[in-house]
2 protein chains.
Amino acid sequence: MNAKQGPRPGGRSARVQASVQTAVRELLATMDRSEITVPLIATAAGVTPSTIYRRWGTLGELFADVAVERLRPDSDPIDTGNGWTDLEAWAEQYAEEMSSAPGRELIRDVLAAADTNCSQRCCSYSREQIAIMAERAAERGESFPDPEAVLDGVVSPIVYRILFGDAPTRDRIRDLVGRTMATTGSGSDERH
Amino acid sequence: MNAKQGPRPGGRSARVQASVQTAVRELLATMDRSEITVPLIATAAGVTPSTIYRRWGTLGELFADVAVERLRPDSDPIDTGNGWTDLEAWAEQYAEEMSSAPGRELIRDVLAAADTNCSQRCCSYSREQIAIMAERAAERGESFPDPEAVLDGVVSPIVYRILFGDAPTRDRIRDLVGRTMATTGSGSDERH
DNA sequence: CCACAAACGCAAAGAATTTGCTTTTGTGGC
DNA sequence: GCCACAAAAGCAAATTCTTTGCGTTTGTGG
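The rules we used
Residues numbered from 1 in each chain as written. Chains lettered and ligands numbered in written order. Predicted model: local features only at pLDDT ≥ 70, side-chain atom pairs only at ≥ 80, totals over all residues. Heavy atoms only, no water. Near = heavy atom within 4 Å. Polar contact = N/O pair within 3.5 Å; in protein donor to acceptor, adjacent residues only side chain to side chain. Helix = DSSP H or I, 4+ residues; strand = E, 2+ residues; numbered from the N terminus. Nonpolar A, V, L, I, M, F, W, Y, C, P; charged D, E, K, R; others polar. Core = buried A, V, L, I, M, F, W, Y, C linked by side-chain atoms within 4.5 Å. Buried < 20%, exposed > 50% of the residue type's maximum accessible area, 1.4 Å probe, protein only. Contact = heavy atoms within 4.5 Å. Axes fitted to C-alpha atoms, helices over the stretch in contact; angles between N-to-C directions. Parallel < 35°, antiparallel > 145°, perpendicular 65-115°, else oblique. Left-handed = near helix turned anticlockwise from the far one by under 90°. Salt bridge = Lys/Arg side-chain N within 4 Å of Asp/Glu carboxyl O. Buried area = accessible area lost by both parts, 1.4 Å probe. Domains from an automatic or database assignment.

Draft legend 1. Seen up close, the protein's contact with DNA strand C. Residues in contact with DNA strand C amount to 23 residues; listed here are only the nearest, A:Arg15, A:Tyr53, A:Arg54, B:Thr51 and B:Arg54. One of the side-chain N or O atoms of A:Arg54 is found 2.5 Å from a base oxygen in DNA strand C. B:Thr48 places a main-chain nitrogen or oxygen 3.1 Å from a phosphate oxygen of DNA strand C. For the surface near DNA strand C, the secondary structure elements donating two or more residues are helix H2 (38-45) and helix H3 (49-56) of chain A together with helix H1 (13-30) and helix H3 (49-56) of chain B. Looking at side-chain class alone, the surface near DNA strand C contains six nonpolar, eleven polar and six charged residues.

Okay, structure coming up:
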């Protein structure tokens, strides 16, 4: 009975993992993803192809791993002083980032992975950002929709449109935010 | 000046295309997609691997092609006599089909393709089905939301949840439909 | 029926992936 | 500190997939 359950003893795994992921990011910045191969990454990272194959299995899983990391928000949503405009600003920025060519590819990489965990983590990132805005709104005494309602009403249409059609315009996003805010029970809060 | 612009002269392309797609469907029913390879498909279809590579480029594009075909609705949404319940029934069935393991894989295959056309067509299928329900509702004199609003309010949350988290429950879907129907201008139409 | 071009088959060349075995490298016990 | 252990990495051969050049087949339009 011991208290540790992680990779018990082990090798230099963390170091290798980092160098491989860095190599992928660098290559991704340089060339088209369809040109990138495992042997190429291995060379760039200073490891053997078999190391990558054994650790990630396929190129797709490796890309997904890197993509999830890049999709992680690096800061809290900006505070505009109002929940409504917080959400608007965040949604607009989110849509802009995700509808760019690199953004779309990140999402696709995540979804392509067999490991469902990747896409769930990606969703949680949004959920957490929304929760932060909700909490701030609560502290101000404003009403704010349930984070799940925001995922349904704002995030999912944005992502759906990006993946299956055309990226939503700014007006469209404001509209989505407006509709979602409107269903917040009281609906008494103004936009400004 | 002639009136034809399709693949002008040409080979036996249609026949080969069909046999390859059939082979993919059959293999997909038999084994896991990660086990399926181009040479395998080629053998099953009675063609050469190079034929597949030249026509589709990658396994992913071929899978996407087959997936789009399978995602095409084979019939109109059932007519329940009322727009609201039509939409509910359709959404529930859609969610059920798409949240199954095979359904999820179809969506992923479509999204993984470099050819954006595939995912757009997939979206159009839903749009068309919704338009049919809208038209029927109009004929009955009921109000019905704009098809785009249904895509935003009903389809996109369902797809988003399936892709990024857990498939929505039946109750959740009814809720989505309810909220979307409620924003239909007048809001005077009852559910039954 | 002929000429044409797209598409296919074939096979060799070139890459990528898998796999068995050896070596390295942290970790924990002594 | 030093040893023994096991996970992880390196290496290289074997396998499998992908690309490519070239000759052949097969519809289509004249």
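Draft legend 2. How the structure looks around the nonpolar core. If you look at the biggest cluster of nonpolar residues, it comprises 78 residues, and the most contacted ones within it are A:Phe144, A:Ile158, A:Phe164, B:Phe144, B:Ile158 and B:Phe164. In contact with A:Ile158, other than residues within four places in its own chain, are A:Ala91, A:Tyr94, A:Ala95, A:Pro168, A:Ile173 and A:Leu176.

Draft legend 3. View of the packing of helix H1 (residues 13-30) of chain A against H2(A). Residues and elements named next belong to chain A. Packing of H1 against H2 brings their axes to within 8 Å, and their N-to-C directions diverge by 115 degrees. Looking at the two axes, H1 sits roughly perpendicular to H2. Crossing of H1 over H2 shows right-handed handedness. Seen from H1, the contacting residues are Ser19, Val20, Ala23, Val24 and Leu27; seen from H2, they are Leu40, Ile41, Ala44 and Ala45. Split by residue class, the contact of H1 with H2 holds eight nonpolar, one polar and no charged.

Draft legend 4. Looking closely at the pattern of salt bridges. Under the definition given, this model contains 34 salt bridges over all chains. Between A:Asp86 and A:Arg140 there is a salt bridge whose closest N-O contact spans 3.5 Å. Taken as a pair, A:Asp86 in helix H5 (residues 83-99) and A:Arg140 in helix H7 (residues 116-140) lie far apart in primary sequence, 54 residues in all. Take A:Asp86: its relative accessible area is 0%, and that puts it in the buried class. Judged by relative accessible area, which is 30%, A:Arg140 ranks as partly exposed. Ionic pairing is found between B:Glu96 and B:Arg170, a salt bridge with its closest N-O pair at 3.9 Å. Of this pair, B:Glu96 sits in helix H5 (residues 83-99) while B:Arg170 sits in helix H9 (residues 170-182), placing them 74 residues apart in sequence. Using a relative accessible area of 52% as the deciding quantity, one classes B:Glu96 as exposed. Among the residues examined, B:Arg170 registers a relative accessible area of 47% and is labelled partly exposed. Linked by salt bridges that have partners in common, A:Asp79, A:Asp86, A:Arg136, A:Arg140 and A:Glu142 make up one network.

Draft legend 5. Looking closely at the interface of chain A and chain B. Contacts between chain A and chain B engage 29 residues on the former and 29 residues on the latter. Buried surface at the junction of chain A and chain B, summed over both partners, amounts to about 2,500 Å²; 53% is from carbon and sulfur atoms. On the chain A side of the interface with chain B, the three residues burying the most area are A:Asp152, A:Tyr160 and A:Phe164, jointly 29% of the side's total. Here A:Asp152 ties to B:Arg172 by a salt bridge, and the two come within 3.1 Å at their closest N and O atoms. Linking chain A with chain B are 13 residue pairs in polar contact (both at pLDDT 80 or more), by the criterion used here. Elements with a minimum of two residues in the side of chain A that touches chain B: helix H6 (101-112), H7, helix H8 (147-164) and helix H9 (170-182) of chain A. Residue classes in the side of chain A that touches chain B are distributed as 14 nonpolar, seven polar and eight charged.

Draft legend 6. Structural detail: the domain arrangement of chain A. Its domain assignment divides chain A into domain 1 (13-57) and domain 2 (71-182). Computed from C-alpha coordinates alone, the two centres of domain 1 of chain A and domain 2 of chain A are separated by 30 Å.

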